[in-house]
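Summary of structural features
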Amino acid sequence: MKIMNYLSELENKTIYIIREAYSRFRNISLLWSIGKDSTAMLWIARKAFFGKIPFPVMHIDTNYKFKEIYEFRDKYAKIWGLNLLISRNNSAIESGMGPEVNKFKCCNALKTIALKDTIKKYNLKALLLAIRRDEHGIRAKERYFSPRDLNFKWDYQNQPAELWNLYKAGLNSDEHLRVHPMLHWREIDIWRYIAQEKIPVTPLYFAKNNLRYRSIGCETCCMPVKSNANTIKKIVRELETTKTAERSGRAQDKEDTYTMQKLRSLGYM
Amino acid sequence: MDRETLSIVITGHVDHGKSTLIGRLLLETGSLPKEKLAEIKKISNALGKDTEIAYLIDQFKEERSKDMTIDTTQIFFKTRKRDYVIIDCPGHLELIKNMITGATLAETAILIIDCAEGIMEQTKRHAYIIAMIGIRNIIVVINKMDLVNYSQEKFIEIKSAINTLFQTLDMKPYFIVPISAKDGVNITKKCSKLNWYNGPSFLKALDMLKPSREKTSRSLRLPVQDVYDIEKKRVLVGKILSGSLVKGKEILVLPGSAKAKIADIKIFGKKPKKASNGENIGITLDRDIDVKRGCVIVDKESTSRLENRFQGHIFWMSEKPLEINRPFNIRCATQEVKCIAEKIERKINSSTLEMISDNPDKVGLNESAKVSFKTDRPIVIEEFSRLKELGRFVIEGDSALLGAGIII
């Protein structure tokens, strides 16, 4: 019997999880930040459903994203025939919410609350999110299928057990599930997979003037890292030797030690 | 480029040093981003402590202030030989569900024991759970050797108790390694403080383990996960658990006697003629038969076990006990059926590994038992040792997980 190669094993596990979420709830959505992880997840979701994803793909638009992100989103939403759902907290944006007010409040208002409103509006039962265990210690504590209550609270002190691939199926009426099909991937796996599959990614990841973004989000809160990696191959090589954390350029991880835990317990991705 | 990956779970009694061992491994294999070390120094200082390497793993605020792991964490590191995923588990009894969650993700287990305290309640329970969920690759580490002046005598005493413990579980650890995680002794290399010890260092022992590959059977098992309507065709999707498929092959859909031929195998972007175990695929059939999630596709001349009675070893995780004849749901691969326990054959206290004779009609929280089940319709099962994914199940009630088990 053949033994699968490593990337193929990761991909197959992700397909199984995506299909499991759809099989259980039908009314689900995939969260696409346009970053490398969620773009890889989207790529795999297209495989899971033979080219046509049968549910909406959601972009949470804070109004502060890089212009490259908007361009990439609109281009590939069309090419891949996505049912794109744009989720924005317009009232907060109009009343001047921004990172200069307070980074924690801004993340909460423009991402978490926007997401809450969209989930309510469309009565979504499960959300596919491309978080990975190796990107942040708090994310390393996540389950593949993680329930959230009406207030989107993550009850991290009392997470249900998750055994093998027999994922949580039942939901209370006021719960929804965060489903994490990419949880077992590492940053370097993502890049090796992008290389293997020739998945398009935004140019922000490639070095220009010795700087590149390793993790992208809002333009206001992302800092590039020093790097000469201007091709996927060079990025893989860089990651094989780096000692810098992936999210070292992300402001919300740094404010204070537990910002990520606080944000996540309020429903942040 | 295609390096081997081994997933290991670190288990053991509370405070025996699980998180410290992982912190030490990361430190000594150079797997830490530099910001991480600065961050834990800062936090340790803020909490008025020396640099606490366990904080690398214990990420929650509550975990650091209470000096305990609450939930399972995964961390990655590599050696020259291969990549590792390490899963740290909480050692507290109340957090046993988090420990089991971590353990089911691993193919290798490390059981850590404080040499001053010796074998404790959770040491036995974790050993039992490791055995029950089918992990056979085991290393025992005897930690805190610094507290007993690296005494060979003490090591031999605990080693012999461990061997006895594993004998009762019908298992044998591959290595029993003395270490001091706090001082970094015998983690990555041998140390003169343990000059009486002839075995490998902990990391060397890890590298010597072989990944446990399941012996795969040739007979087809494809549990149907879902049915999609694509371009007016019904596409059955699922993961092939064993065996393989070729176009034109005759198959049988269980439960029932409906047979069909495979008209097409679908993998997006490919035109496969064949698919085999591990692959998540779609298929279309040459005739219209009733197939839904939970059906299992097998070879036409199959000798599969399609049964409505079976025995399992279970571990119970709910305050509400398992009771004879009270209905609940059982899930095995994509199959889901109503079920009752007909008979509790024997019950084991997982912390002492002794038989329990009281309340013979109930299995309570954190108890283990051998149970005879009856389902309301037949399902396709296998012995766990033959095919894991059809040999394991979870028990649910009111949308909550109550227990889990393996089929014997």
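Residues numbered from 1 in each chain as written. Chains lettered and ligands numbered in written order. Predicted model: local features only at pLDDT ≥ 70, side-chain atom pairs only at ≥ 80, totals over all residues.

This brings us to unusual backbone geometry. Residue and element names in this part refer to chain B. Omega for the peptide link from L254 to P255 comes to -5°, which places this bond in the cis form. The topology assignment puts P255 in the loop between β10 (250-254) and β11 (258-266). Here N186, not a glycine, exhibits a phi torsion of approximately 65°, which is positive. Examined against the element boundaries, N186 turns out to sit in the loop between β6 (175-178) and α7 (202-208). Look at E231: it is not a glycine, yet its phi comes out positive at around 45°. Using a count of 7 C-beta atoms within 10 Å as the deciding quantity, one classes E231 as exposed. (Helix = DSSP H or I, 4+ residues; strand = E, 2+ residues; numbered from the N terminus. Buried ≥ 20, exposed ≤ 12 C-beta atoms within 10 Å, placed from the backbone.)

The two faces of the sheet receive side chains in turn, since in a regular strand these alternate between them. Pairing geometry for strand β2 (residues 57-60) of chain A and strand β3 (residues 84-87) of chain A, over four bridges, is parallel. The residue bridging I60 of chain A from the neighbouring strand is S87 of chain A, located in β3 of chain A. (Pairing = 2+ DSSP bridges.)

Let's shift gears to the domain arrangement of chain B. All names here are of chain B. With domains assigned, chain B is organised as domain 1 (5-208), domain 2 (221-299) and domain 3 (305-407). Each side of the interface is counted separately: domain 1 has twelve residues, and domain 3 has twelve residues. Those elements giving two or more residues to the side of domain 1 that touches domain 3 turn out to be α4 (96-103) and α5 (121-132). Taken together, the residues of the side of domain 1 that touches domain 3 break down into six nonpolar, two polar and four charged. (Domains from an automatic or database assignment. Contact = placed C-beta atoms within 7 Å. Nonpolar A, V, L, I, M, F, W, Y, C, P; charged D, E, K, R; others polar.)

The next thing to look at is the environment of K103 of chain A. Tracing the backbone through its elements, the reader meets K103 of chain A in helix α5 (residues 103-122). Take K103 of chain A: there are 19 C-beta atoms within 10 Å of it, and that puts it in the partly exposed class.

Next up on the list: the domain arrangement of chain A. Each assigned domain of chain A is listed here: domain 1 (6-185 + 255-265) and domain 2 (202-253). The C-alpha centroid of domain 2 of chain A is placed 22 Å from the C-alpha centroid of domain 1 of chain A.

Attention now moves to the confidence of the model for chain B. Averaged over chain B, the pLDDT score is 88; the fraction of residues at 70 or greater is 88%. Here the predicted complex scores 0.89 on pTM and 0.90 on ipTM. (pLDDT = per-residue confidence, 0-100.)

The sheet built from six strands closes into a barrel, its strands ordered β7-β8-β13-β11-β10-β14 (chain B) with antiparallel pairing. Between one strand axis and the next, the sheet turns through 50° on average, direction left out of account. Both strand β7 (residues 221-230) of chain B and strand β8 (residues 233-239) of chain B contribute to a ladder of six bridges, which runs antiparallel. Each residue of the ladder has a partner; that of Y228 of chain B, found in β8 of chain B, is V235 of chain B. Of the strands in this sheet, β7, β8 and β13 (280-285) of chain B touch helix α1 (residues 6-25) of chain A, which is tilted by about 60° from β7 of chain B. (Axes fitted to C-alpha atoms, helices over the stretch in contact; angles between N-to-C directions.)

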